[in-house]
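Structural overview
These are the residues of each chain, in order.
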Amino acid sequence: MRMKIRFGKENRKKEGSKVFLAAGVVCMGLLTGCGGPQEAEISAGGEWSDEEQVDREHSDGEQAGEEGSDVGQADEEYSDGAQAGGEGSDDEQTESVTAGEETVGRKLTEVELQEYTEWIRDKSNYGFLLSDWENPTQINLFEVFYGGAGISHEGTEEQIQAYLNRYEEEGIYTDFWVIDKADMDIFLLEKVGLTYDELLMKGNESLEGIYYPETDCFCLQAGDTNYCMFTCTDGVLNEEGTEVILQCEGDYWVSKCEVVVNIVGGTKAIVSNHIIEGSILEEELIDEPACLIEQEILNNPKFEADASVVENSYVLGDWSKITKEALQGTWYHHPKSEGENRQYDVALKFDGDEAVVYYPSVDFYAETSYEWDIIDRSDRDLCPELDIYFRGTKDAPLVWYILGISENRDYFWCNGEVFYRQETP
């Protein structure tokens, strides 16, 4: 699966479209207030709190030599099957399953499948089955934490107000939860062996849209729409007794998936998930168009030019210098008021008569080229208008009102919104 950097796209169906694209001018220009991945090593995970009680019961039963319940018997068969290479009863005979490549092992018993079903359904686990991933950089963390993952808490007045201010809302109308970054780091270390910052550095930005640096936490107004009830219908334990491959069926976003679970050391940790069927495929697993702006620019924008003279005041430049030729190249704008949050960043690329837009907060991801133009309005004593015709017509384009461009053409500005050139003109 290809992982594209995204700040808000995965969140659209849950957050309820916080930014609306108007039919005419989008909040840009004179309207103030608008604004790749690496492989990761996967650890076996830490203790899974949801299984601790079961593990202790299993351990106590084994130490005491109890014959115990059906569950205890299944655990003995589970252990014996792994040690004996699957010899024994019909349930323990070695079979093979196909999971991308041949894996030989012992089929799980019905009792074991039920145990895994209960474990998968826990709120700290099921979210890992709502995206297709081979390593942690590809996990849609928004899905993992949408329901709180068992570590959320009610927000303080300060946290709630920060949320309301960001979206210009008057109140909270559904469930509102907060996850402190410190708690998230503990959770992610146990689950995938990496902290949030480590995942972020490796390209996983699927939670950046709900991060609040001023309180160092993640906030979300959520409902119960994302929960998916999974059932483990089949599974196999490998010959070494270190890994289980589960076939699961879900009742909502995911219909079928294949989950690989590491069980080394008596703990469980999901190490990959492959979605086979489900409506979620339409959003995450389609063959999406390639991003037409270099990932290096989107991941590491440069703001080297000194634009302090125009950042916080209404300054008029020489409008005659604002031409299509002068704007050729790639430009990047980051609202300083957003701190490290990059959800409202904008990148524009002009190549001849074609323009590309990266503007996540209004669902532009630099996947398509559009016609564009600079409209001279000086006869009305108005600054030039940058129009990008994203609809295929000249009706209701994306618009920026450009007040000026620097002498070196290393930045241009729109009433305090500064776009910095990302390469030498």
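Residues numbered from 1 in each chain as written. Predicted model: local features only at pLDDT ≥ 70, side-chain atom pairs only at ≥ 80, totals over all residues. Heavy atoms only, no water.

1. Some thoughts on unusual backbone geometry
In this structure, Glu168 is a non-glycine residue whose phi angle is positive, near 55°. Note that Glu168 resides in the loop between helix H6 (157–167) and strand S3 (175–180). Exposure remark for Glu168: the relative accessible area of 74% places this residue in the exposed category. We note that Asp216 has phi near 50°; this positive angle belongs to a residue other than glycine. By secondary structure assignment, the location of Asp216 is in the loop between strand S4 (211–212) and strand S5 (217–222). (Helix = DSSP H or I, 4+ residues; strand = E, 2+ residues; numbered from the N terminus. Buried < 20%, exposed > 50% of the residue type's maximum accessible area, 1.4 Å probe, protein only.)

2. Remarks on the nonpolar core
Across soluble globular proteins, you tend to see nonpolar side chains buried next to one another. The biggest cluster of nonpolar side chains holds 48 residues, and the ones touching the most others in it are Phe145 and Phe230. Not counting the four nearest positions on each side in its chain, Phe230 is found in contact with Thr117, Ile120, Arg121, Tyr126, Leu129, Leu130, Cys248, Glu249, Gly250, Val254 and Cys257. In this structure, Ile374, Phe390, Trp400 and Phe412 belong to the second largest nonpolar core, which totals 25 residues. (Core = buried A, V, L, I, M, F, W, Y, C linked by side-chain atoms within 4.5 Å. Contact = heavy atoms within 4.5 Å.)

3. Some thoughts on the environment of Glu115
The topology assignment puts Glu115 in helix H4 (residues 110–121). Between the C-alpha atoms of Glu115 and Cys232, which are 117 residues apart in sequence, the distance is 8.9 Å.

4. Describing the confidence of the model for the chain
Mean pLDDT over the chain works out to 78, with 73% of the residues at or above the 70 mark. Considering only residues more than four positions removed or in separate chains, one finds that residues 1–94, a stretch of pLDDT under 50, has 208 contacts. When the criterion is pLDDT under 50, residues 284–288 qualifies, and its contacts beyond four places in sequence or with other chains add up to 17 contacts. (pLDDT = per-residue confidence, 0-100.)

5. A closer look at the sheet that holds strand S10 (residues 329–333)
Within the open sheet, the nine strands sit side by side as S15-S14-S13-S12-S11-S10-S18-S17-S16. Their pairing is antiparallel. Lying at the two open borders of the sheet, with one neighbouring strand each, are strand S15 (398–401) and strand S16 (404–405). Here strand S12 (residues 354–359) runs beside strand S13 (residues 364–375); their pairing, made up of five bridges, is antiparallel. Residue pairing across strands places Val356 opposite Ser369, the latter belonging to S13. (Pairing = 2+ DSSP bridges.)

6. Thoughts on the pattern of salt bridges
In the structure shown here, the tally under the stated rule is eleven salt bridges. Lys349 serves as the salt-bridge partner of Glu294, at 3.6 Å between the closest nitrogen and oxygen. Of this pair, Glu294 sits in the loop between helix H9 (281–284) and helix H10 (295–299) while Lys349 sits in strand S11 (residues 346–351), and the two are 55 residues apart along the sequence. Lys324 is the partner of Asp353 in a salt bridge, and the nearest nitrogen-oxygen pair spans 2.9 Å. Pair noted here: Asp353 is in the loop between S11 and S12 and Lys324 is in the loop between helix H11 (308–311) and S10, with a separation of 29 residues, a long-range link. The exposure class of Asp353 is exposed, given its relative accessible area of 56%. Here the salt bridges do not stand alone but share partners, grouping Glu205, Arg342 and Asp345 into one network. (Salt bridge = Lys/Arg side-chain N within 4 Å of Asp/Glu carboxyl O.)

7. Side note on the environment of Lys394
Mapped onto the elements of the fold, Lys394 is located in the loop between strand S14 (385–389) and S15. Spatially, the C-alpha atoms of Lys394 and Trp372 are 9.0 Å apart, while their sequence positions differ by 22 residues.

8. What about the sheet that holds S4?
The antiparallel open sheet is built from three strands, whose spatial order is S3-S5-S4. Strand pairing shows two members of the sheet lacking a second neighbour, S3 and S4, which therefore form its edges. Pairing of S3 with S5, which is carried by six bridges, proceeds in the antiparallel orientation. Among the inter-strand pairings, Phe176 is bridged to a residue of S5, identified as Gln221. Strand contacts of helix H7 (residues 181–192): S3, S4 and S5, with the helix running at about 75° to S3, the strand carrying the most contacts. (Axes fitted to C-alpha atoms, helices over the stretch in contact; angles between N-to-C directions.)

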